[in-house]
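So the chains spell out like this:
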Amino acid sequence: MFKQLLQLWLTLRVPQTQRYFLELAYDGTNYHGWQSQPNAVGVQALVNEALSTVFRANIETTGAGRTDTGVHARQLFAHFDVEEEREAGSKKQEATLRSLNALLPDDIAIKRIIPVAADAHARFDATLRSYEYHIHFEKDPFLHNFSWQLRDRPDVPLMNEGAKIMMEYTDFSCFSKSNTQVKTNNCKISRAEWVEHSDKLIFHISADRFLRNMVRAIVGTLIVVGKQEITPEMVRSIIESKNRSKAGTSVPACGLYLTEVKYPYL
């Protein structure tokens, strides 16, 4: 009996590799995007450092995607693997969460730590990503890094006509940065809509994936429509050209938020 108990205890003490998802939010003002970079501070590097300190191991995360310099995230997921004893799984995740957040700066927050299957992948398993772009019209120091100020209010119905046309297409090469290492420029947009408020405009867009700089280029193009410099129907020729120079200028990063990433198992 003693030998059986000893064998069971030793089995439980064997380190197991466990994969976790992190749900994060951050103000991107002070960072060169999510991804770690050799000569600039990215959010990922600080998260990796905090995780490595808490788990006392060298931990690298894989994010659901990358955000550019100055872009914010209300929800982003990343996964990481850690070797831990089975009995450690009974520890309160709240304590780990508190420890991680205590190590991170005030503009980065980890909201959840979720144990997942060993083959779960934060990037490849995501089925939907959503962004918002915020625009305001009156000078407001509290919106300076979180919304783009426009002097004149554009024509929202015209912009929504142009946004609706975009949903008919899948190849968005015209809205992508050149020389990006992706296999395809195809994306399936499921929502593209401007919502008007008394003091601001918010553009909502959802798709299965996004290209680098895509949302900011789309917003810039639709603003040109809203200023009545081009018609909504001209959005078709821009998309069909597959030429970035035909689309509008990318709008500032400060107004862009990654707001949601969906998975089939979360």
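Further up the page is the structure itself.
Keep in mind it's a predicted model, so treat the numbers as computed, not measured.

A. How the structure looks around helix α4 (residues 156–166). Among the residues of α4, those classed as buried are Val 156, Met 159, Gly 162, Ala 163, Ile 165 and Met 166. In this structure Asp 155 caps α4, since a side-chain oxygen of it lies 3.0 Å from the backbone nitrogen of Leu 158.

B. Region of interest: the packing of α4 against helix α6 (residues 234–241). Taken N-terminus to C-terminus, the directions of α4 and α6 make an angle of 40°; their axes are 9 Å apart at the nearest point. For the element pair α4 and α6, the recorded crossing hand is right-handed. Facing α4, whose interface residues are Gly 162, Ile 165 and Met 166, α6 presents Val 235, Arg 236 and Ile 239. Per-class residue counts for the contact of α4 with α6 are four nonpolar, one polar and one charged.

C. Looking closely at unusual backbone geometry. The phi torsion at Gln 228 lies on the positive side, around 65°, for a residue other than glycine. Position of Gln 228 among the secondary structure elements: in the loop between α5 (214–226) and α6. Since its relative accessible area comes to 58%, Gln 228 is described here as exposed. Phi is positive for Lys 242, close to 55°, though the residue is something other than glycine. Its location among the elements puts Lys 242 in the loop between α6 and β9 (256–262).

D. Structural view of the side chain of Ser 176. Relative to the assigned elements, Ser 176 resides in the loop between α4 and β7 (189–196). Among the residues examined, Ser 176 registers a relative accessible area of 5% and is labelled buried. Setting aside residues up to four positions removed in sequence, Ser 176 forms contacts with Asn 185, Leu 211, Arg 212 and Arg 244.

E. Highlighting the nonpolar core. Core analysis: the largest hydrophobic core is formed by 75 residues, its most contacted members being Val 47, Phe 172, Phe 175, Trp 194, Phe 203, Ile 205 and Met 214. Counting residues per element, this core draws most heavily on α5, which supplies eight residues. Ignoring anything within four residues of it in the chain, the contact list for Phe 203 reads Tyr 131, Glu 132, Tyr 133, Ala 163, Ala 192, Glu 193, Trp 194, Ile 218, Val 219 and Leu 222.

F. Region of the structure containing the pairing of strand β5 (residues 128–136). Taken across its nine residues, β5 has nine buried, putting it largely inside the fold. Burial along β5 is two-sided: Leu 128, Ser 130, Glu 132, His 134 and His 136 facing one way and Arg 129, Tyr 131, Tyr 133 and Ile 135 facing the other are all buried. In this structure, β5 lies alongside strand β6 (residues 148–149), joined through two bridges in parallel fashion. Paired with Ile 135 across the two strands is Trp 148, which belongs to β6.

Conventions we followed
- Residues numbered from 1 in each chain as written.
- Predicted model: local features only at pLDDT ≥ 70, side-chain atom pairs only at ≥ 80, totals over all residues.
- Heavy atoms only, no water.
- Buried < 20%, exposed > 50% of the residue type's maximum accessible area, 1.4 Å probe, protein only.
- Helix = DSSP H or I, 4+ residues; strand = E, 2+ residues; numbered from the N terminus.
- Polar contact = N/O pair within 3.5 Å; in protein donor to acceptor, adjacent residues only side chain to side chain.
- Axes fitted to C-alpha atoms, helices over the stretch in contact; angles between N-to-C directions.
- Left-handed = near helix turned anticlockwise from the far one by under 90°.
- Contact = heavy atoms within 4.5 Å.
- Nonpolar A, V, L, I, M, F, W, Y, C, P; charged D, E, K, R; others polar.
- Core = buried A, V, L, I, M, F, W, Y, C linked by side-chain atoms within 4.5 Å.
- Pairing = 2+ DSSP bridges.

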